[in-house]
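Letter by letter, the chains look like this.
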Amino acid sequence: MIYRKWGRVVRWENGTLVRVDEAGEAREENGVFTAQPIAERVALPDVDAAWVVETARAIGEAERVVVVAGVAIHEFGDVRWQEETRRVHVALTRKPWRVLVDDFDVASVANALQKCEGERDFEHVLVPPHIRIDANCAKEQMPGGLDGYGRPIEHRRVDGEPPNVYRPSYRVRPVRQWMNVRAIPFGTMLPAPRVLALVDGGKALVDDGGRVFVTRLRVDRVTAAAESGEMLL
Amino acid sequence: MHGIARQHGNEIVATDARDDALVAACEAAIEQMRRVVPSDARVRLVSRNGDATMTVESNGVSIVTTPEFVAADMPLLSMEDRHSCLSSGGGTGKSACPPLIWRNGSAAVLLHEAIGHPRELGIPEIEWPDWLRVDCPIELRRASFSDVPLRRMTRVVVSQVDAPFDLPNERIDVHLVRGGAYDPLTDVVTIDVAVPQLTIRATRAEISAALLGAQGEPLRYPGVVCSREGQELAVGSYAPLILTRGFA
């Protein structure tokens, strides 16, 4: 079967605005993966370029600012589906720390970084669901959306080979991958400093009752996980 | 990947478009590489603009080479005794951090990180030994039509003029490097040596001070695929035999 994709992306990358329209197809036959652009175009919704520019400008100066808004129509056999994405990747620095922000509320992290009093160890920290870490605990794939073959992503315990595949681009062979992953809820959540963002070197920026510190992130020590996806390390 | 990008000021408009001549050139390059694929290794063949790059991995280490050199480079992946490259030819004892001999052009990776990336980023130069020469042109390059062109190295050619060189009896021979990084925030270079397995972390000033000498003409290092901002580019790399102090 042939996979086809029509995509439109507007991306702010460190001061340059990039608008990309592309359409292509891919096929896997006898162990050979082939991808190529196609001339056929389909009507794609507009991408909100103004949002991209305004979001990037609001973030201001940073080591890295990438803001992306995109829309894609995928087709695999008889299945056709549409995806819309908005992402922000920012690297803020204050020597010796590099703070990585992958959500839209960059300003509050930037303010917290300026208030950071130094490094401190804490017995526990709370990791909110929007901060993605590879925690060492039992995990599950939550249902929602379709995978790179247009198959539903279903609820599964993360164990063994992933049942779904991910296509980062039509030019890349689909790879098996767990998606919508969260820790399986267990244990008892306790009050603890809250992680605001990840810091290079396996650390995190945390808010401890209004005071801000950088602390080691012990991803191998998950103490509890909540239904909301929040984790207590 | 083929497409067209038009840049107006700080805005790029890019669309993919089929270019049959380019596809044919890339297919021909892939066919040329397939003919010399080693049978007992994991191989990735990439052709961009008709060029040919082969990444060959075996036993957890890899080289980046071309059809022309793959046969000559393969022995690097099957070196015996790769975990015990500490040579001791008469020394009275082993020091904690013996000097390093960077063989096979591998010092090009060290200086790619310590000199090349800071130049790309416009970071002020530091002093290097008088005998050291590093030809490292920087040009605007992009990995694909939809990428933002960045100041990137096109090659790193390390050479020496009248460098001192005194081969120590007790030393570690560096044969193959897995990867490296330069962090502009801390000015620290990290080199992940594959053969033998060790990791070096040092500032540029520490690396400059550690350069003890060099010998011979630049040797082609196989090779360097450099990634910045998600854009992977091959960088031709050459260096003579280089001697450095050990790094704690």
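Computed from a predicted structure; not experimentally measured.

(A) Summary view of the overall build of chain B. The secondary structure content of chain B amounts to 4 helices and 17 strands. Each principal axis of the C-alpha atoms in chain B carries an extent, and together these give about 65 × 45 × 30 Å. Expressed as a percentage of its 248 residues, the buried residues of chain B come to 32%. Partitioning the contacts of chain B with sequence separation of at least 6, the portion at a separation of at least 24 is 61%.

(B) Broad picture of the interface of chain B and chain A. Every contact between the two is made by 16 residues of chain B and, on the other side, 18 residues of chain A. Take the side of chain B that touches chain A: its biggest share by element is 6 residues, from strand E2 (residues 11-16) of chain B. Classifying every residue of the side of chain B that touches chain A by side-chain character gives 7 nonpolar, 6 polar and 3 charged. Here 5 bridges tie strand E2 (residues 16-29) of chain A to E2 of chain B, and the two strands are oriented parallel to one another. Note on E2 of chain B: the bridge partner recorded for Val 18 of chain A is Ile 12 of chain B.

(C) Representation of the sheet that holds strand E3 (residues 42-46) of chain B in the model. Residue and element names in this part refer to chain B. Read across the sheet, 3 strands follow the order E3-E4-E5 without closing on themselves; strand pairing throughout is antiparallel. Edge positions in the open sheet fall to E3 and strand E5 (61-65), since each of these has one partner strand only. Neighbouring strand axes in the sheet, compared pairwise and without regard to direction, differ in orientation by 15 degrees on average. Across 5 bridges, the pairing between strand E4 (residues 53-58) and E5 is antiparallel. Looking across to E5, one finds that Val 56 is bridged to Ile 63.

(D) A look at helix H2 (residues 106-115) of chain A. Residue and element names in this part refer to chain A. Every buried residue belonging to H2 is among Val 106, Val 109, Ala 112 and Leu 113, and all of these are buried. What you see down the axis of H2 is that its buried residues fit within an arc of 125 degrees, all on one side. Every exposed residue of H2 that faces more than 90 degrees away from the buried side is listed here: Ala 107, Asn 111, Gln 114 and Lys 115. Contact partners of the buried residues in H2: helix H1 (49-59), strand E5 (79-94), strand E6 (97-101), strand E13 (194-199), strand E14 (203-208) and strand E15 (211-216).

(E) Layout of the environment of Val 52 of chain A. All names here are of chain A. Position of Val 52 among the secondary structure elements: in helix H1. Residue classification places Val 52 among the buried residues on the basis of 23 C-beta atoms within 10 Å. Taking the C-alpha atoms as reference points, Val 52 and Val 88, 36 residues apart in sequence, are found 9.2 Å from one another. Look past the residues within four positions of Val 52 in its chain and what remains in contact with it is Val 10, Trp 12, Val 67 and Ala 69.

(F) Inspection of the nonpolar core at higher detail. By size, the foremost hydrophobic cluster in this structure holds 49 residues, and its most contacted members are Val 99, Val 109, Val 195, Ala 204, Leu 205 and Met 231 of chain A. Considering every element that reaches this core, the biggest residue donor is E13 of chain A, with 5 residues. Of all hydrophobic cores here, the second largest spans 48 residues; its members include Ala 108, Ile 172, Val 195 and Ile 242 of chain B.

(G) Focus on the domain arrangement of chain A. Once the domains are mapped, chain A shows domain 1 (1-94) and domain 2 (117-159 + 179-233). For domain 1 of chain A and domain 2 of chain A, the distance between their C-alpha centroids amounts to 27 Å.

(H) Focus on the environment of Gly 180 of chain B. All names here are of chain B. With respect to the helices, strands and loops of the structure, Gly 180 is situated in strand E13 (residues 176-183). Of the residues examined, Gly 180 has 21 C-beta atoms within 10 Å and is grouped as buried. Between the C-alpha atom of Gly 180 and that of Ala 29, which follows or precedes it by 151 residues, the distance is 28 Å. For Gly 180, the residues in contact, after removing those within four places along its chain, are Val 109, His 112, Glu 113, Val 189, Thr 190, Ile 191 and Asp 192.

(I) Region of the structure containing the pairing of E15 of chain A. All names here are of chain A. With 6 bridges connecting them, E14 and E15 associate as antiparallel partners. Bridge pairing links Ala 204 to Thr 215 in E15. Linking E14 to E15, which pair antiparallel, is a turn of 2 residues; within it Gly 209 sits at a positive phi near 60 degrees.

(J) The arrangement of the confidence of the model for chain B in detail. Within chain B, residue pLDDT values average 87, and 92% of them lie at 70 or more. With a pTM of 0.84, the predicted complex shows an ipTM of 0.79.

(K) Geometry of the domain arrangement of chain B. Residue and element names in this part refer to chain B. Entries for chain B in the domain assignment read domain 1 (1-78) and domain 2 (83-248). Look at where the C-alpha atoms of domain 1 and domain 2 centre, and you get two points 24 Å apart. If you look at the interface, domain 1 gives 15 residues, while domain 2 gives 15 residues. Broken down by secondary-structure element, the contributors of at least two residues to the side of domain 1 that touches domain 2 are strand E1 (3-8), E2, E4 and E5. It is E5 that provides the largest number of residues to the side of domain 1 that touches domain 2, a total of 4 residues.

(L) Structural detail: unusual backbone geometry. With an omega of 5 degrees, the peptide bond running from Lys 95 of chain A to Pro 96 of chain A counts as cis. In this model, Val 195 of chain B is joined to Pro 196 of chain B through a cis peptide bond whose omega is -5 degrees. Topologically, Pro 196 of chain B is positioned in the loop between strand E14 (188-195) and strand E15 (198-203). Of note, the phi angle at Asn 14 of chain A is positive, near 50 degrees, even though the residue is not glycine. The residue Asn 180 of chain A is not glycine, and still its phi comes out positive at about 50 degrees. Among the secondary structure elements, Asn 180 of chain A is positioned in the loop between strand E11 (175-176) and strand E12 (181-183). By C-beta crowding, Asn 180 of chain A is classed as partly exposed, having 14 other C-beta atoms within 10 Å.

What counts, and where the lines are drawn
In this numbering scheme, every chain counts its residues from 1 along its sequence in written order. All chains are assigned letters beginning at A, and all ligands numbers beginning at 1, according to the order in which they are written. At least 70 in pLDDT is required for a residue's local features to be given in this predicted model, at least 80 for side-chain atom pairs to be given and counted, and no such filter applies to totals for whole chains, interfaces and linings, which use all residues. Here a helix means four or more residues in a row that DSSP labels H or I, a strand means two or more in a row labelled E, and each is numbered from the N terminus. Remark: C-beta atoms are placed from the backbone, and a residue is labelled buried if 20 or more other C-beta atoms sit within 10 Å of its own, exposed if 12 or fewer do, or partly exposed between those counts. Residues are scored as being in contact if the C-beta atoms we place from backbone atoms lie within 7 Å. Just so you know the grouping, Ala, Val, Leu, Ile, Met, Phe, Trp, Tyr, Cys and Pro go in nonpolar, Asp, Glu, Lys and Arg go in charged, and all remaining residues, Gly too, go in polar. Pairing between strands is defined by DSSP: at least two bridges between them are needed. What counts as an axis is a line fitted to C-alpha atoms, over the stretch in contact for a helix, and the angles between N-to-C directions run from 0 to 180 degrees. Directions drawn from the helix axis to the C-beta atoms are what define this arc. Residues enter a nonpolar core if they are buried, belong to Ala, Val, Leu, Ile, Met, Phe, Trp, Tyr or Cys, and are joined to the set through C-beta atoms within 7 Å. Where a domain begins and ends is set by an automatic assignment or by a domain database. The predictor reports its confidence for every residue as pLDDT, a score running from 0 up to 100.

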